[in-house]
Each structure stands twice: as C-alpha cells, then as structure tokens.
Amino acid sequence: MSKLNAGAFEFVPGRSFAPPQQSPPRKPPLERPPQTEAPLPPPTISLNIGGSSTPVAPKPKPAAVPPPQSKPSLPPSVSASTIPSQSSSPAPSLSNKVYSTERAKTDTSTIVKEVQAAADQEVLKDLFGDVKEHLNIVFIGHVDAGKSTLGGNLLYLSGGVDKRTMEKYEREAKEAGRETWYLSWALDSTPQERAKGKTVEVGRAYFETSTRRYTILDAPGHKTYVPSMISGAAQADVAILVISARKGEFETGFERGGQTREHVMLVKTAGVSKVVVVINKMDDPTVNWDRGRYTEIKDKITPFIKAAGFNPKTDVTFIPVSAYTGQNLKDRVAKSICTWSEGPSFLEHMDHMPMVDRKVNAPLMMPVSEKYKDMGAIIVGKIESGHLRKGDPLTLMPNKSAVEVAAIYNEMEEEVHSAICGDNVRVRLRGVEDEDISPGFVLTSPKSPVRAVKHFEAQLAILEHKNIICAGYSAVMHVHTLSEEVTLVALLHYFDKATGRKSKKPPQFAKKGQKVVALIETTLPVCVERFVDYPQLGRFTLRDEGRTIAIGKITKLIDDRVDEVTEGMAHASVAA
C-alpha cells in the first residue's frame, strides 16, 4: 500500500506534464456556447461531429437551414462543397423517417402496398391456383317460409343438382301427395323430414357460380330444433333470412313466439355480420308481386334488425323472390311480371357482395360440428382461423389429444392437400378414436392451443325471462358448435342504463333488459377464448325452457390449473 501511495504521489508531482498542459487545449469546448446560439435547428449530432475543429463549427448554421429548402446551396464554393458531404447525409434520413413515409423503403405499410401493386392477379393465380372465394350461407326464418325450397332451386339453377335427379324428386313427391315440396327434397334427405315437410337437422349442400363457391347450411325453422339452428349459424358467414310474403304467414313468424325474431338475434350472436332478407312467395295469389306488400314487410322488419345490431344501410339487403318458380334467383325478374324491381337478382348480389375478412395467418381453430367413423375418425367443421395441411401434427382440445391429419375432403367429397380459413371440410384424423371426440371439441395448433377452462367471466344481456335470475341459476350455453349446461355461480356487476358504468357492489338478481357481468361455471372443461381475441369462440347464447334467455361475450378466462394441482395433491400419498 505504501508503494502504491508513493507511486501515486510520485505521479502527482508530474502535474506540469500532462494535466496542466491538457487543460489549456480544453478551451474549444468553452467556445461551444456561441455555437448553440442557433435556437430552432438543434442538430446536436452534427455539432458533435464537427466539434473538434474550430473553423467548421460556425458554418453548420447555413448547412442546417438548407435541408428544408433542399435545392439551394449558394454559399462559398469550397466550404459549400465540404459541408453538404457531412450534413446532407443525415438530414434526408431524418426527414424521411419523420415526415415522408412514402419514400421510406423500410416502412412496413409501404412494402405491403408495393407487393400488392406488383403481384397482380396472374401471379397470384400462378402461385396458388385458380381458387375461388368461398362463402358459407345459412338459411334462417320461420317454419314454411320456403328455406329448403329456396336452397333446392339454387342447387338446380346453378347445376349442383342435375335435371334427372330433380325429376326423380318431383315424381316421388307427387306419389307421396307432396307435389310442391320436391325442390326442398334436395336438402331434406331423411324420410321424417320429407314426410312432415319440416327440416330437423342442418342440411348441407354445395354449389358454385362463375366467381365464388358457396356452402349452403339449411337451418330448421321450428322452435323445437333451435339448438340445431344455432350450430348451423355458428358455421356461417352470411345469413339469408327467408320471409314469406303470403298474407298471415309473415305476421305469424314476426309476432312474439314466431321464429323470425329469435333467429335474427341468434345469428348476430353466432357472429354473422351480413344479412340478406329474401322476401319469398311474391308470386302467391294473395301478393302477386305487389310493391305495397314488399314495402310493408321491409318497413316492419328493418327496426327490429337494427335493434339486433345490424346496420340497415351497410349490413342488410332486401330482395323479392319466388323460390318455387325461380324468379329473381339467378336471372332478374321480368318487367312484365314485376315492373318496380330494379335491384340485382339473388345470385348477382351474392357474387358481388364484399368478402368477409379471413384470418389465414392466425393459429388454427376448427370447432367440430359432427363426427363419424369411416376408415378412421372423421370430423366435420368450419375452419375459423388459420390453415390446414395434410400431415400436420395438431392437438384436439380439451382432451389435449395429439393427432395427425391423414386426409382432408372438401364439400364435393374430393381429397385436397390443404384448406384455409372459411372452408367447410371433413378431416380424417390419425391417433384418436371417434368415441373420444364430441361435437364442440376444437382442432387446434399445438404451439398456441385454444384455452380449455371450467370458469370464466362474461358480460350478459338478459333478453327474456319471466322471473328474476339469481346466483345458482342453470341454463344451456351454446358457443360455436358446443352446447353445455352451465351455472351462474355469482353475479359480479350490473351496468347502469343511464351512465353505462359498472356497479361496485354485486347485484342480488338480474331481470329482463339488464346487462350484468357474471361468473359462469361448467361441469367439464370447454374450449372458449376471450371475445376480443377470437370473437367466434368468445360469444355465446343462453337458452332455457326452449327460449333464448340471454346473449353474452366472454371477457375473462379463469385458469383451473391451481385446482387441478390441489386435487392431485389431495390424493397423493408418500411411501415411507
């Protein structure tokens, strides 16, 4: 220590060498105050670069002024030639980043625009093949509105069902005394449906036009089969609300107890964003293409559709048709029959409708709507997000079963190599038995699987209930393709109608017309997501006693892993 101190002490006497002689040259930094006199342009970086030499220091002032002007550099020739080389390079880069995004080649949005401009339709077609846009449409409405007849005639007009098959249906229907029902037999395939003329299960069919591919989901109209209708609506992009213009039939369907009101509310909850209101049976003798009747129905139903959450200007279209005769379905109705109809025909409108947004690059989510056994387990459903390829290793939730895609079949039962968001497909799985699969399971990506929980918080809007709803109330929840019995464990908050704010105290009960936040419990884990993350897996309907009680959206998922650990530890035993 003494040597160190002595050495340090010996070095200190040499003050006359380094420190004092280096202190006088540090005077140039004292000259910086005159350089900072330029108030508005503060290019601190350029001042540091040129701070070592004293003559260049005063001249950044003219160099800082020219960049906004960009053209003039008229000071002395020699100094001007040196200054731009130093200051012009940083100046444009700063202005590009701050002001002109269009000129910034590293900006993401600009690159996307350039790619879209460069990759024309021919290049995309060459890469991905001639793939038409795909839409899933569900027919909804009251009993006997003509949903199955409309679907059957669309299949016939577009070539989905050939003339010979349709003549066979006509002959069989005539023998059964149901002569006018033959068009609906293209979708109503079971003997029970054909005998009664009522759709029981969701009928599936497929047809193509010159521009798009369509999957028809023919939902039942009877109130007994509303659960089937909900599972069909959960797979649809566009809803076709079929209304009968015949005297008395529209009024019956639209009154309380009719299915027109409930169906509109259910498709909105199921995630359908567009509604096409088809006013059918315009050729009926009681109507005879009367404009007054068309306007009356339109004026009566528009306020209700608006109250359900659809925008009448952008989300709703009204089209008068005759499903039985095919008028205004493919070709526009003749002026000799209807002089006042100016709009496009039904298929024209569907072909030119704005396409719904597809989450192709998101993680795979495919709720299972049906399953059966055919050389292995086969599941049916609509891909809600992501894409699917043959050979992909996937996970089947909530059982966390590791499966592999053995084959993919499209609507025409043809095997395809891949499928994307929006497609209705049949998938053969390897690694799982069909007994271990139930409707409502979700085929998902193993990297980011769908959540499986027993408890979640949800925001509920009580639509209709004769009594008050308290904690402990049980109902059946319909979410995507799943129907599960749930219990409202606790009511957490209610929303004040006047201010829209949540209450601090939990309410004692909830009644018709109120909005509440409730804690919901299921007996088995269910595959759901928060509404803000995946709307299709986060919205649900509560039904009880054959009526829709409430609609809701999931706001918070409560993880049950802690409960699983505690249950596991309860049965643990330590061997001595």
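Reference entry: report on the structure contained in this document. (Residues numbered from 1 in each chain as written. Predicted model: local features only at pLDDT ≥ 70, side-chain atom pairs only at ≥ 80, totals over all residues. Heavy atoms only, no water.)

## Points about the pattern of salt bridges
Opposite charge on two side chains permits them to pair, given that their charged atoms come into close proximity.
Okay, step 1: As enumerated under the stated definition, the model contains 20 salt bridges in all.
Okay, step 2: For the salt bridge of Lys390 with Glu415, the shortest nitrogen-to-oxygen distance reads 3.1 Å. With a gap of 25 residues between them, Lys390 in the loop between strand E10 (387-389) and strand E11 (393-397) and Glu415 in strand E13 (residues 415-416) connect regions that are remote in the sequence.
Okay, step 3: Since its relative accessible area comes to 45%, Glu415 is described here as partly exposed.
Okay, step 4: Residues joined by salt bridges that share partners form a network here, namely Arg246, Glu249, Lys281 and Asp284. (Salt bridge = Lys/Arg side-chain N within 4 Å of Asp/Glu carboxyl O. Helix = DSSP H or I, 4+ residues; strand = E, 2+ residues; numbered from the N terminus. Buried < 20%, exposed > 50% of the residue type's maximum accessible area, 1.4 Å probe, protein only.)

## Some words on the sheet that holds strand E21 (residues 539-544)
Two pairing modes exist for strands in a sheet, parallel and antiparallel, and in both the strands are linked by backbone hydrogen bonds.
Okay, step 1: Spatially, six strands are ordered E17-E20-E19-E18-E21-E22 in a closed barrel, and the strand pairing comes out antiparallel. With strand direction ignored, the average angle separating the axes of adjacent strands in the sheet is 45°.
Okay, step 2: Here eight bridges tie strand E17 (residues 452-462) to strand E22 (residues 547-558), and the two strands are oriented antiparallel to one another. Counted as the bridge partner of Gln459 is Lys553 from E22.
Okay, step 3: Helix-sheet contacts for helix H17 (residues 259-269) involve E21 and E22, and the interaxial angle to E21 is about 145°. (Pairing = 2+ DSSP bridges. Axes fitted to C-alpha atoms, helices over the stretch in contact; angles between N-to-C directions. Contact = heavy atoms within 4.5 Å.)

## Quick notes on the sheet that holds strand E3 (residues 212-218)
Okay, step 1: In spatial order, the strands read E2-E3-E1-E4-E5-E6; together these six strands make up an open sheet with mixed pairing. Each edge of the open sheet carries a strand with a single partner, namely strand E2 (203-208) and strand E6 (316-320). Averaged over all pairs of adjacent strands, the angle between their axes in this sheet comes to 25°, without regard to strand direction.
Okay, step 2: Where E2 meets E3, six bridges bridge the pair, whose relative direction is antiparallel. Directly across from Glu208, in E3, lies its bridge partner Arg213.

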